Amino acid sequence: MNKTWWKEAVVYQIYWRSFFDSNGDGYGDLQGVLSKLDYIKSLGIDVIWLNPFYMSPDRDNGYDISDYYGIMEKAGDMETFERLVEAIHEREMKVIMDLVVNHTSDQHPWFVESRSSLDHPKRDWFIWKDPKLGAEPNNWRSYFAPSSWEFDEGTNQYYFHSFAVEQPDLNWKNPELRQEIYKMMRFWLNKGIDGYRMDVINLLAKIDDFPDAENPYDISYLANNPGIHEYLQEMNEEVLQHYDVMTVGEIPFVSPEEGLLYVDETRGELNTLFHFQVADEMLEWDMKRFKSIQTSWYQGLKQKGWNSQFLNNHDHTRQVTRYGNDGEYREESAKLLATMIHTLPGTPYIFQGEEIGMTGVRFASIDDYNDIAMRNKYHEEVNKGRDPKEVFEGLLLLSRDNSRTPMQWNGNKEAGFTTDKSWIKVNPNYQEINVEKALDDPDSVFYYYKKLISLRKDNEVMVYGDYQDLSLNEENLYVYTRTFKEVTWLIVLNHSDEKQMFIFPEEYRNKSKRKIISNYKGENELEDERLMLLPHEALIFEYK
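In short, a report on the structure.

Along the backbone of the protein chain there are 16 helices and 21 strands. Against the 2.2 N^0.38 benchmark of 24 Å for 544 residues, the protein chain shows a C-alpha radius of gyration of 24 Å, consistent with a compact globule. Overall, the protein chain is about 80 × 55 × 50 Å in size when its C-alpha atoms are taken along their principal axes. The 544 residues of the protein chain split such that 61% are buried. Within the protein chain, contacts between residues separated by at least 24 positions form 70% of all contacts whose residues are at least 6 apart in sequence. Within the structure as shown, the protein chain displays about 21700 Å² of accessible surface, and the carbon and sulfur contribution to it stands at 45%.

Put into structure tokens, the structure is as follows:
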């Protein structure tokens, strides 16, 4: 297993429209990111991941791109972007940006031309099919709509969309289209970026002939289809191998065996991946399931490929709300989850605000939510005759807006995010949870994150250490080791609201150890190698 900078890095994800508004229009922007770089650097971050800022009608918060070479007015302009990249590099950090090439906006010139006539040269840049028995070509669903097909009256055919109606899928079978994508990728890499987070990259290849699905609600048929690895190997040969970059693929619907095909260091595809056996498939905290997932991915990728560790991002509810305790033990729980993510095998990701323990939100009405996926699902279910209140309640926990509320900088109006009215409501708890308060408190979640990140830089065991779970049958305790050369770290986590007795494994009794970090002040009651753990307590011990 090769040592590389991106394996050793800690990545900070910036959802820029909710990060900091520099011009008072209610939207965060690239200048706002630039103005907060010293804050990010002070945390110890190595890599910044910026969500899409390309030109876009903004139907899906920038993931519907109308110009791959332009920057949307809300975000700024190219001169600001260039200054931002330069400033990030001056601070010895790197920057990766989103690559969104499964689909475009329906306002992208490519699609406007494609839909203009049946024989336009770009017709085959997208996926068009004739009606089947006067209706959709098949029964597939999209992520955001009941059907993955939209009828175009101008040409009497349907176009395919894995997401919103306004996001037609590109046809990767077309070699001319692929070359145009590679040209665009080189453009941004030559601007100085250090890699890509690749949006739903395993959806590029489609099943030939588009047969009906036995269960259309299981939309895994959208992903991992024949041809996908050839596309990614070609992308690597044409573009990626010529730059010193980090690539991370957003890859849903994969097992460790399938995931390895994308990140095996001998195959020339991607560096690492986000799988979603936790964030998409584990709706609530399930300790035994989580442990099983971690073990299977570690064993599946060991010495061959690299994993990523995250529990929340711009698409998933904030981790302390979904998988922790955002009430009585919010700070302890936030620190425990951080300890876990930063000590498990793989590259850790921090989503903006996670480092101060920001929580999910609960607005009063569907009208308060911007999430297109949530709104579409709400209206689909209500139109079936279901009780609107019941539908609304059922969608709250997993709404993407849980993670998209503005960064809480201080206790002032709009949490210090903007001088105007924010594009989305601020979480009402901003006066209690904000950066200003966190920086004034030496025991805050922020400084705990800072210490974890510093430990990673100084201890290779956190990065390259072998992993072993010592607590497979425990429902509340998660105990595992990381071992590298002569050093072993024992990580002990009490993921519950109650005290738990921990008995050291026999091989770690009566051995000299050093406490590396704890999320509680003071010393625990240690008696005959027993340890009474407090609610949501996290401890790391070092053995040499």
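Text resumes after the structure shown.
A few words on the sheet that holds strand β6 (residues 128–129). Taken together, the 3 strands give an open sheet; going across it, the order is β6-β8-β7, and neighbouring strands pair in antiparallel fashion. Every interior strand has two partners, whereas the edge strands, β6 and β7 (149–152), have only one. Relative to strand β8 (residues 157–160), β7 runs antiparallel, the two being bridged by 4 bridges. Bridge pairing in β8 places Asp152 opposite Gln157.

Tallied over the full model, the rule gives 3 cavities of 30 Å³ or more. What the largest cavity holds in volume is close to 80 Å³. Considering the residues around the largest cavity, the lining is formed by His275, Val278, Ala279, Phe290, Gln294, Asn307, Ser308, Gln309, Phe310, Leu311 and Ile341. Residues belonging to the lining of the largest cavity are distributed by class as follows: 6 nonpolar, 5 polar and no charged.

Between two packed helices, both the angle of their axes relative to each other and the distance between the axes serve to describe the pair. The interhelical angle for the contact between helix α11 (residues 330–343) and helix α15 (residues 445–458), taken along N-to-C directions, is 15°, at an axis separation of 10 Å. With respect to their mutual orientation, α11 and α15 come out roughly parallel. Between α11 and α15 lies a crossing of right-handed hand. Residues Glu331, Ala334, Lys335, Ala338, Thr339 and His342 of α11 form the contact with α15, whose participating residues are Val445, Tyr448, Tyr449, Leu452, Ile453 and Arg456. Grouping the amino acids of the contact of α11 with α15 by side-chain chemistry returns 7 nonpolar, 2 polar and 3 charged.

Let us now look at the sheet that holds strand β18 (residues 514–518). With respect to topology, 5 strands assemble into an open sheet ordered β14-β15-β16-β21-β18, the strand pairing being antiparallel. Where the open sheet ends on each side, the last strands, each with one partner, are β14 (466–469) and β18. Geometrically, the sheet is characterised by an average inter-axis angle of 20° between neighbouring strands, direction not taken into account. Relative to strand β16 (residues 487–494), strand β15 (residues 477–484) runs antiparallel, the two being bridged by 8 bridges. Along β16, the bridge assignment pairs Leu477 with Asn494. Across the sheet, α11 touches β15, β16 and β21 (538–543), and the angle it forms with β16 is around 145°. Its contacts with the sheet put α15 on β16, β18 and β21, and the angle it makes with β18 is roughly 135°.

This next bit is on the pairing of β21. β21 sits mainly inside the fold: 6 of its 6 residues count as buried. Alternating positions in β21 separate into two faces, Ala538, Ile540 and Glu542 on one and Leu539, Phe541 and Tyr543 on the other, with burial throughout. Strand direction decides the pairing type here: β18 and β21, joined by 4 bridges, are antiparallel. By the bridge assignment for β21, Lys515 is matched with Phe541.

Let's shift gears to the side chain of His342. With respect to the helices, strands and loops of the structure, His342 is situated in helix α11. Residue classification places His342 among the buried positions, given a relative accessible area of 0%.

What follows covers helix α8 (residues 256–263). Among the residues of α8, those classed as buried are Pro256, Gly259, Leu260, Tyr262 and Val263. Relative to the axis of α8, the buried residues are bounded by an arc of 155° and lie together on one face.

Let's shift gears to the environment of Arg362. Assignment of secondary structure puts Arg362 in the loop between β13 (347–351) and α12 (372–383). For Arg362, a relative accessible area of 56% gives the class exposed. Once the C-alpha coordinates of Arg362 and Ser399 are considered, the two residues, 37 residues apart in sequence, prove to be 9.6 Å apart. When sequence neighbours within four positions are dropped, the list of residues in contact with Arg362 reads Tyr369, Glu393 and Leu396. Engagement of the side chain of Arg362 in a polar contact is seen with the side chain of Glu393, the distance being 2.7 Å.

Examined against the element boundaries, Asn434 turns out to sit in the loop between α13 (388–395) and α14 (435–440). A polar atom in the side chain of Asn434 sits 2.9 Å from the backbone oxygen of Tyr430. A polar contact of 3.2 Å, which involves the side chain of Asn434, links it to the backbone nitrogen of Glu436. When neighbours within four sequence positions are excluded, Asn434 is seen to be in contact with Ile356, Gln408, Trp409, Asn410 and Gly411.

Conventions used here
Residues numbered from 1 in each chain as written. Predicted model: local features only at pLDDT ≥ 70, side-chain atom pairs only at ≥ 80, totals over all residues. Heavy atoms only, no water. Helix = DSSP H or I, 4+ residues; strand = E, 2+ residues; numbered from the N terminus. Rg over C-alpha atoms; globule rule 2.2 N^0.38 Å. Buried < 20%, exposed > 50% of the residue type's maximum accessible area, 1.4 Å probe, protein only. Contact = heavy atoms within 4.5 Å. Areas by Shrake-Rupley, 256 points an atom, 1.4 Å probe, with all protein chains shown as cover. Pairing = 2+ DSSP bridges. 1 Å grid on protein atoms, 1.4 Å probe; cavity = no way out; pocket = protein on both sides within 12 Å on 5 of 7 lines; lining within 4 Å. Points joined across faces, edges and corners; volume = space filled by probe spheres on them. Nonpolar A, V, L, I, M, F, W, Y, C, P; charged D, E, K, R; others polar. Axes fitted to C-alpha atoms, helices over the stretch in contact; angles between N-to-C directions. Parallel < 35°, antiparallel > 145°, perpendicular 65-115°, else oblique. Left-handed = near helix turned anticlockwise from the far one by under 90°. Arc of directions from axis to C-beta. Polar contact = N/O pair within 3.5 Å; in protein donor to acceptor, adjacent residues only side chain to side chain.

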